[in-house]
Amino acid sequence: MEKAMQQHVVSSLWRPPISFRHDAGDLQYFKFGISRNQMNGRRKNGESLVLCCSEYNPPPVVKKRKRYRKQYPGESTGITEEMRFVAMKLRNTTKTDITSKKETYEEYDSDADNDDGDGTWHPSMEGFLKFLVDSKLIFSTIERVIDDSHDVSYAYFRRTGLERSEGLSKDLEWFSQQNMVIPPPSDPGISYAQCLEEIAEKSAPLFLCHFYNIYFSHIAGGQVIARRVSEKLLEGRELEFFKWEGDVEDLLKGVREKLNMLGEHWSRDEKNKCLREATKSFRYMGQIVRLIILRS
């Protein structure tokens, strides 16, 4: 009895490291890289089974090819160059599709409804005064936002030399002295000024894109406006609105470089939003410029 109990204890303590079904085929043993005869031989000699997987070769790992995003036009140069491409696209769209309602700051160049049949540009004094008043509202708004904001991004764009509100005040004062009635701001100027204030509270990148595009559009088209208005309405007088201290292209270049520097820290999503705002900016400015050739 005692001997039987000892055998039972020994048998219960010993467990083989792995068990196999003896009626299974050789396939089970080949899964581990050994034959059934080798397995039986080792078990008969009382050796423990050691399974080795060194002969197992896993399939090679195929690395996915890294795909690079296609750059936007002008992206390698900076956000201002991307916005310039947007302006060019808008201009080309307007020229190729005469039914399009898209406007740019260059639409003052020609307008079929105001050509008087001779293909020339005909500004009106009433419309030009509305243009000056709305322009003063826009420039005063962006300059006030830049000066009063505590956002560190705006500090780069103070006293750039491009400011226009002071010159516009002098011009409107001169027209008033000529016994001309200065009109109140019109709907395009009021709408855009409100839009700028709302954007300034929400996003500095979006506001700065408007800021740059306003100056860019004025400088790009301002020379043509100044020459034509001076010839047709002002007997050659040059307005303060179109005067700058120093080289205006150098002043704009300084602003462009600062904005490109800040744009390097913006996400692609923020830049895409800026491009959409650029379209909005050019359309607003186009509406204000068109006041010059509108007649009541």
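In every chain, residue numbers begin from 1 and rise along the written sequence. Side-chain atom pairs in this predicted model are given and counted only at pLDDT of 80 or more, local residue features only at pLDDT of at least 70, and totals for whole chains, interfaces and linings cover all residues. Heavy atoms from the whole structure form the basis of all side-chain values; hydrogens and water molecules are not counted.

S.K.: I tried to follow helix H7 (residues 187–202) on my own but got confused; where do I start?
M.R.: For the α-helix, the turn length of 3.6 residues means that residues three or four positions removed from each other point alike. Strands are runs of DSSP state E lasting at least two residues, helices are runs of H or I lasting at least four, and both sets are numbered from the N terminus onward. Under the convention used throughout, the expected extent of a helix is 1.5 Å for every residue step, that is, one less than its residue count. For H7, with 16 residues, the first-to-last C-alpha span of 23 Å sits near the 22 Å given by 1.5 Å per residue. Note on classification: 1.4 Å probe, protein chains only; a residue is buried when its accessible area is under 20% of the maximum for its type, exposed when over 50%, partly exposed between these limits. Every buried residue of H7 is accounted for by Pro 188, Gly 189, Tyr 192, Ala 193, Cys 195, Leu 196, Ile 199 and Ala 200. Seen from one end, H7 has its buried residues packed into an arc of 165°, which puts them on one side. Exposed positions of H7 whose direction lies more than 90 degrees from the buried face are Asp 187, Glu 201 and Lys 202. Any two residues whose heavy atoms approach within 4.5 Å at even a single point are treated as in contact. Those residues of H7 that are buried are in contact with helix H5 (125–148), helix H8 (204–232) and helix H10 (268–289). Directions pointing from the helix axis toward each C-beta atom define the arc.

S.K.: Would you take a moment to explain a nonpolar patch on the surface for this structure?
M.R.: Residues form patches when they are more than 30% accessible in relative terms and have no salt bridge. Like charges link within 9 Å. Nonpolar side chains (Val, Leu, Ile, Met, Phe, Trp, Tyr) link within 5 Å. Using a 1.4 Å probe, accessible areas were evaluated by the Shrake-Rupley method; residue-level cover was limited to the displayed protein chains. Between Lys or Arg on one side and Asp or Glu on the other, a salt bridge is scored when a side-chain nitrogen of the former is within 4 Å of a carboxyl oxygen of the latter. Residues Val 152, Tyr 156 and Met 261 make up a contiguous nonpolar surface patch of about 280 Å² in total accessible area. Its location among the elements puts Met 261 in helix H9 (residues 248–263). Exposure remark for Met 261: the relative accessible area of 38% places this residue in the partly exposed category.

S.K.: Even after reading the chapter, I still don't get the environment of Lys 258, so can you show me in this structure?
M.R.: Mapping Lys 258 onto the fold places it in helix H9. Classification of Lys 258 as partly exposed rests on a relative accessible area of 34%. Considering only alpha carbons, one finds Lys 258 and Phe 157, 101 residues apart in sequence, at a separation of 8.1 Å. Apart from residues no more than four positions distant in its own chain, Lys 258 is found in contact with Tyr 156 and Phe 157.

Shape descriptors only; they carry no functional weight alone.
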